[in-house]
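Summary of structural features
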Amino acid sequence: MQDVTIEHVETIGVEAPLDEPFGYSQSWVETRTATLVRIEASDGTVGWGECWGPVAGTGEVVEEVLAPHILGENPLHVERLYDRLYDVGRATYQTIVPLPAISGLDIALWDLAGKLLDQPVSALLGGQRRERIRPYATGHYFKPVEGIEAQYEAICEEAVANAEAFGAIKLKVGLELCGYGPDEDIELVRRVRDAVGDETTIMVDANYAYDRKTARRVGGALEAEGVYWFEEPVPPEDMDGYASLRETLDVPIAGGECHTPSEFDRLYAMDALDFAQPDVCIVGGLTPARRIATRGRDNGVAVVPHVWGTAVAIGASLQLVATVEGRPWLEFDRSANPLREELAVSPFVASDGHVSIPDRPGLGVELDESALATYRVD
Ligand code: MG
């Protein structure tokens, strides 16, 4: 085992155009994408990871900029290699570190290490605290329909179905994308609350649609509807805004999918978050996400990872949430994504109100090679 080395790194960009686009405050989504990372060790064992973002450029950063710094290394030294990749990224780009590209490598290294040691990744991250987890349904995006009434109706219909299936749903606000404004956002949340009833947990996600003043007004209305958290109310750069909203609003504040590891430290220091949402495919992988979760625990902040990718992203997120204290959720994306449903031999499903956490070696995710070939674009 000590003689096994990292021998080969390869990326596979995948894309799936959607039959019908859906919208959130920043844009319409017409295609789902991911870049998968495949690391092969000298004994033939393979680990898989996933990078968030466009296929364009991501594979080149992984294969040509980062991978040369881990080839020939011991694949069990995952945290040391993550720290090296972070330092390489900073030295190469100076103003940014290419965290989504590092994410795919880090996740693949954990998967590989787990397989080499015949252990689920959660055992290597400190130990599994639960075998299954409650999901909440992400979806309820804006539809390409005419008129606000049709929009309310379509979103309410989806929300009712997901509320029945999961008991917890996340709505999108930021209808300015469709030519409306915060008044319609508030009305949307009211209509959905009326449709699903008081028993359903409702989270609301603005994807930084607002300035502070508007976020304060919308947040006040969300409190009246008993909303569980208000996610990304203002732009990620406005960390003072997060802190100020958290101080003045009763609705809990969530965020983190757009933040870096060091920004989480600042948000914790500023008392700016109730729920921290690192995404393992964005923030740099499982290594920084686990550190963010640990420091969140130390600062009294619950960690509920952001999850929006393929089965690799879901599998990695499950290994993380298996290890965190408290009573975490799994973000369970229900929006259209053929990659999520088709790339894994066994896609993740909810049954009896829970999603099971794999206890097989590594991430516990087996990819379907023929589906990979179908969606591969590079
Ligand atoms: Mg979000």
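Each value, and the rule that gives it
- Residues numbered from 1 in each chain as written.
- Predicted model: local features only at pLDDT ≥ 70, side-chain atom pairs only at ≥ 80, totals over all residues.
- Heavy atoms only, no water.
- Helix = DSSP H or I, 4+ residues; strand = E, 2+ residues; numbered from the N terminus.
- Expected span 1.5 Å × (residues − 1).
- Buried < 20%, exposed > 50% of the residue type's maximum accessible area, 1.4 Å probe, protein only.
- Arc of directions from axis to C-beta.
- Contact = heavy atoms within 4.5 Å.
- Donors = N, O, S within 2.8 Å, 3.2 Å for Na, K, Ca; no water.
- Polar contact = N/O pair within 3.5 Å; in protein donor to acceptor, adjacent residues only side chain to side chain.
- Core = buried A, V, L, I, M, F, W, Y, C linked by side-chain atoms within 4.5 Å.
- Pairing = 2+ DSSP bridges.
- Axes fitted to C-alpha atoms, helices over the stretch in contact; angles between N-to-C directions.
- Parallel < 35°, antiparallel > 145°, perpendicular 65-115°, else oblique.
- Left-handed = near helix turned anticlockwise from the far one by under 90°.
- Nonpolar A, V, L, I, M, F, W, Y, C, P; charged D, E, K, R; others polar.
- Disulfide = S-S within 2.5 Å.
- Salt bridge = Lys/Arg side-chain N within 4 Å of Asp/Glu carboxyl O.
- Phe/Tyr/Trp six-rings, centres within 6.5 Å; stacked < 30°, edge-to-face > 60°.

Some details on helix α6 (residues 182-196)
- Under the 1.5 Å per step criterion, the end-to-end length of α6 is 21 Å for 15 residues, consistent within 8% with the ideal 21 Å.
- Listed as buried for α6 are D185, I186, L188, V189, V192, R193 and V196. Taken around the axis of α6, the buried residues stretch over an arc of 155°, which confines them to a single face.
- Along its buried surface, α6 packs onto α5 (148-166), β5 (168-172), β6 (201-205) and α7 (212-224).
- The positive-phi residue at the C-terminal boundary of α6 is G197, with phi of around 85°.

Section: the coordination of the magnesium ion
- At this site the magnesium ion is bound by D205 (OD), E231 (OE) and E257 (OE), with donor distances of 2.0 to 2.2 Å.
- Site description for the magnesium ion: donor spacing in sequence, D-x25-E-x25-E. Here D205, found in strand β6, pairs with E257, found in the loop between β8 (253-255) and α9 (261-269); they are 52 residues apart in sequence, far enough to count as distant.
- Judged by its relative accessible area of 0%, D205 is buried.

Focus on the environment of R193
- Tracing the backbone shows R193 in helix α6.
- Placed 188 residues apart in sequence, R193 and T5 show a C-alpha to C-alpha distance of 54 Å.
- Not counting residues within four places of it along the chain, the set of residues in contact with R193 comprises D198, T200, I202, E225 and G226.
- A distance of 3.4 Å separates a polar side-chain atom of R193 from the backbone oxygen of G226.

Focus on helix α3 (residues 99-117)
- Here α3 is 19 residues long and its end C-alpha atoms lie 26 Å apart, about the 27 Å a rise of 1.5 Å per residue gives.
- α3 sits mainly inside the fold: 16 of its 19 residues count as buried.
- Positive phi appears at D118, one or two residues downstream of α3, with a value of about 60°.

Considering the nonpolar core
- Of all hydrophobic cores here, the largest spans 115 residues; its most connected members are I39, V192, F230 and L286.
- Among the elements that make up this core, the one with the highest residue count is α3 (11 residues).
- Leaving out residues up to four positions away in the same chain, I39 has contacts with I6, H8, V9, T45, V46, G47, I70, L105, A108, L109 and L112.

Comments concerning the sheet that holds strand β1 (residues 6-24)
- The 3 strands lie next to each other as β1-β2-β3, forming an open sheet whose pairing is antiparallel. In this open sheet, the two edge strands, each paired with only one partner strand, are β1 and β3 (46-51). When strand polarity is set aside, the average angle formed by the axes of neighbouring strands in this sheet is 20°.
- Bridging between β1 and strand β2 (residues 27-41) involves 14 bridges; their strand directions are antiparallel. Its bridge partner being in β2, F22 is matched across the sheet by V29.
- Contacting β1, β2 and β3, α3 crosses the sheet at an angle of about 155° to β3.

Some words on the packing of helix α2 (residues 78-93) against α3
- Running from N to C, α2 and α3 cross one another at 165°; their axes reach a closest spacing of 10 Å. The angle between the axes of α2 and α3 places the two elements in the roughly antiparallel class. At the point where α2 passes α3, the crossing takes the right-handed sense. Each of V78, E79, L81, Y82, L85 and Y86 in α2 lies in contact with α3, whose residues at this interface are L99, I102, L105, D106, L109, W110 and A113.
- In terms of residue class, the contact of α2 with α3 is built from 11 nonpolar, no polar and 2 charged.

Digging into the state of the cysteines
- Here the structure, examined in full by the defined rule, presents 0 disulfides.
- Of the cysteine sulfurs around C51, a residue in no disulfide, the closest is that of C281, at 7.6 Å.
- With no disulfide partner, C156 has as its closest neighbouring cysteine sulfur the one in C178, 15 Å distant.

What about the pattern of salt bridges?
- Applying the stated rule across the entire model yields 26 salt bridges.
- E341 is the salt-bridge partner of R334, the closest N and O atoms lying 4.0 Å from each other.
- Via salt bridges that share partners, R32, D333, R334, R340 and E341 belong to a single interconnected network.

A look at the packing of aromatic side chains
- Scanning the entire structure with this criterion turns up 14 aromatic pairs.
- Geometrically, the ring pair formed by F166 and F332 is edge-to-face, given 5.9 Å between the ring centres and 70° between the ring planes. One end of the pair, F166, is in helix α5; the other, F332, is in strand β11 (residues 329-333), and 166 residues separate them in sequence. Each of the two residues, F166 as well as F332, counts as buried.
- Seen in terms of ring centroids, W229 and F275 are 4.9 Å apart; in terms of plane orientation they differ by 50°. Their pairing is tilted. Taken together, the residues span a long stretch of sequence, with W229 in strand β7 (residues 229-231) and F275 in strand β9 (residues 275-276) at a distance of 46 residues.
- Among the residues examined, W229 registers a relative accessible area of 0% and is labelled buried.
- Cluster of aromatic residues (ring-pair linked, three or more members): Y136, Y228, W229, F275 and W329.

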